[in-house]
Amino acid sequence: MKHRNLGKRGLTLAALLMMTAATARAGSANVQAAATIHPPLKMQALENLAFGTIAPDVSGSGNVTIDANSDKSTTCASNLDCMEGGDRAKILISGRSSQAVQVTASESITLTSAEGDTMQVSGFTFAGEGYSNGVAYINSNGMLELGVGATLNVGKDQPVGNYTGVFRVTMTYQ
Amino acid sequence: MTKTGQKILSALIFAALISASHSTQAQNNKAQNWKKSLKLVALDQLEFGTIAPSSNFDGYVEVSPNQNNSSICSHNLTCLYGGSRARFRITGRRHQGIYITLPNQVILRNQAGQTMIADNFQYYASGFGQGIGYINGNGAIELGVGAQLNVQANQMPGAYQGTFEVTVSYQ
């Protein structure tokens, strides 16, 4: 009788040892994967940049500068005659509210007439609520409106024509 | 008690006696090493970072398994704050070969129920090959896990989360 009980215990011990060995052979852990998605930045051109109608100087070049801060604000070199129509561009940006956005524009572009004559535009500037040194903040409604200005270089006795060109504005979340 | 039972019992007792008669420190260590369970503890979660999706194109974020704070963002996405790998500590028998199993894919959800899929899970541990490696002489090893997050055009904003399981087993 004693032997029989001992035998059962021995078998139970052997089984326990086998179970212990089996449970020790593998381990696992659960961990979280996480990501945060912001709304995509979107931009819409509201108004084009216009340098207006200009009468050039036959004896020298001059600049026309459009102010990014206010509508229809043009600074004309003294040797040019800026007659009408100069105005800043306006762009509307939408994205995550209260988020800082870095804004850049083309360094310079070329305006070309139908006849192939050209003028250079450079010195693009931005203005808007909270804008400073290339960085602006989207407002609490998720919107940001910026004005864009630049400087047009009008050549000596610049040929007559309607000059156009395209500039690029790029923005990224900061 | 059956004859088979008697034999098993005798063998166990005999083994115990032999073990007791060789009680050197080295053998105790060896026995402890043999008994050591394989354990996996999560140290850091897998973080894909903060991402601004494209309005027009799908994109992806790849988090490297072999260094912290290392992620690559496809050109049509903006990765704002960096992603970083998950980290685990594996403890077990020294010099023992182990297998590592990662998920094929994991679904991340935001509070509104929108989803993204993470796949291409990869791991890195010093001295490990693909799918198999060895625990070092200290009985512990650190495991890094990276993956690719697939972000759709106009992916809805929100904080996305999902859970994945990593399994290790002795060879």
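A. Structural view of the pairing of strand E3 (residues 59-63) of chain B. Residue and element names in this part refer to chain B. Residues Gly59, Val61 and Val63 line the buried face of E3, whereas the alternating positions Tyr60 and Glu62 sit on a face that is not buried. The sheet contact formed by E3 and strand E11 (residues 140-151) spans four bridges and is antiparallel. By the bridge assignment, Tyr60 is partnered in E11 with Asn150.

B. The arrangement of the nonpolar core in detail. Formed by 39 residues in total, the largest nonpolar core has its most connected members in Phe48, Phe88, Val145, Leu149 and Phe164 of chain B. Among the elements that make up this core, the one with the highest residue count is E11 of chain B (six residues). Those residues in contact with Phe164 of chain B that sit more than four places away from it in its chain are Ala29, Asn30, Val31, Gln32 and Ala33 of chain A together with Leu46, Ala86, Phe88, Pro103, Val106, Phe121 and Val145 of chain B. Judged by nonpolar contacts, the second largest core, of 32 residues, contains Ile54, Ile109, Val121 and Leu146 of chain A.

C. Examining unusual backbone geometry more closely. In the Ramachandran plot, Ser98 of chain A falls in the positive-phi region, its phi being about 65 degrees despite a non-glycine side chain. Secondary-structure assignment places Ser98 of chain A in the loop between strand E7 (89-94) and strand E8 (100-105). Even without being a glycine, Asn154 of chain B presents a positive backbone phi close to 60 degrees.

D. View of the sheet that holds strand E13 (residues 169-173) of chain A. All names here are of chain A. With antiparallel pairing, three strands are arranged side by side in an open sheet as E11-E8-E13. Pairing within the sheet leaves two strands with one partner each, and these edge strands are strand E11 (135-137) and E13. This sheet shows a mean twist of 35 degrees between the axes of neighbouring strands, independent of strand direction. For E8 and E13, the ladder comprises five bridges, and the chain directions are antiparallel. Looking across to E13, one finds that Ala105 is bridged to Val169.

E. Quick look at the pattern of salt bridges. Summed over all chains, the structure comprises seven salt bridges over all chains. Across the pair Glu142 of chain B and Arg87 of chain B runs a salt bridge, and its minimum N-O distance is 2.8 Å. With Glu142 of chain B in strand E11 and Arg87 of chain B in strand E6 (residues 86-91), this pair connects stretches of sequence that are 55 residues apart. Under the relative-accessibility criterion, Glu142 of chain B is labelled partly exposed at 33%. Taken together, the shared-partner salt bridges in this structure form one network comprising Glu47, Asp71, Arg88 and Lys90 of chain A.

F. Inspection of the interface of chain A and chain B at higher detail. Contacts between the two partners involve 30 residues from chain A and, on the opposite side, 47 residues from chain B. Regarding the contact of chain A and chain B, the summed buried area is about 3300 Å², with carbon and sulfur atoms giving 58% of it. When the buried area of chain A at its contact with chain B is split by residue, Arg25, Val31 and Ile37 of chain A rank highest and sum to 22% of it. The set of elements that each furnish at least two residues to the side of chain A that touches chain B consists of helix H1 (2-23) and strand E1 (26-37) of chain A. Top contributing element to the side of chain A that touches chain B by residue count: E1 of chain A, with twelve residues. Residues of the side of chain A that touches chain B, tallied by class, amount to 16 nonpolar, eleven polar and three charged. Alignment of E1 of chain A against strand E2 (residues 46-52) of chain B, held across four bridges, turns out to be parallel. Looking at the pairing, Ile37 of chain A lines up with Ile51 of chain B of E2 of chain B.

G. Representation of the state of the cysteines in the model. As enumerated under the stated definition, the model contains two disulfides over all chains in all. In this model Cys76 of chain A forms its disulfide with Cys82 of chain A; the gap between the sulfur atoms is 2.0 Å. Its S-S torsion of approximately 80 degrees makes the covalent link between Cys76 of chain A and Cys82 of chain A right-handed. A sulfur-sulfur separation of 2.1 Å characterises the disulfide bridge that pairs Cys73 of chain B with Cys79 of chain B. Around the S-S axis, the bridge from Cys73 of chain B to Cys79 of chain B shows a dihedral of about 85 degrees and counts as right-handed. On the basis of relative accessible area, Cys79 of chain B is assigned to the partly exposed category, the value being 27%.

Cut-offs and rules
Residues numbered from 1 in each chain as written. Chains lettered and ligands numbered in written order. Predicted model: local features only at pLDDT ≥ 70, side-chain atom pairs only at ≥ 80, totals over all residues. Heavy atoms only, no water. Buried < 20%, exposed > 50% of the residue type's maximum accessible area, 1.4 Å probe, protein only. Helix = DSSP H or I, 4+ residues; strand = E, 2+ residues; numbered from the N terminus. Pairing = 2+ DSSP bridges. Core = buried A, V, L, I, M, F, W, Y, C linked by side-chain atoms within 4.5 Å. Contact = heavy atoms within 4.5 Å. Axes fitted to C-alpha atoms, helices over the stretch in contact; angles between N-to-C directions. Salt bridge = Lys/Arg side-chain N within 4 Å of Asp/Glu carboxyl O. Buried area = accessible area lost by both parts, 1.4 Å probe. Nonpolar A, V, L, I, M, F, W, Y, C, P; charged D, E, K, R; others polar. Disulfide = S-S within 2.5 Å.

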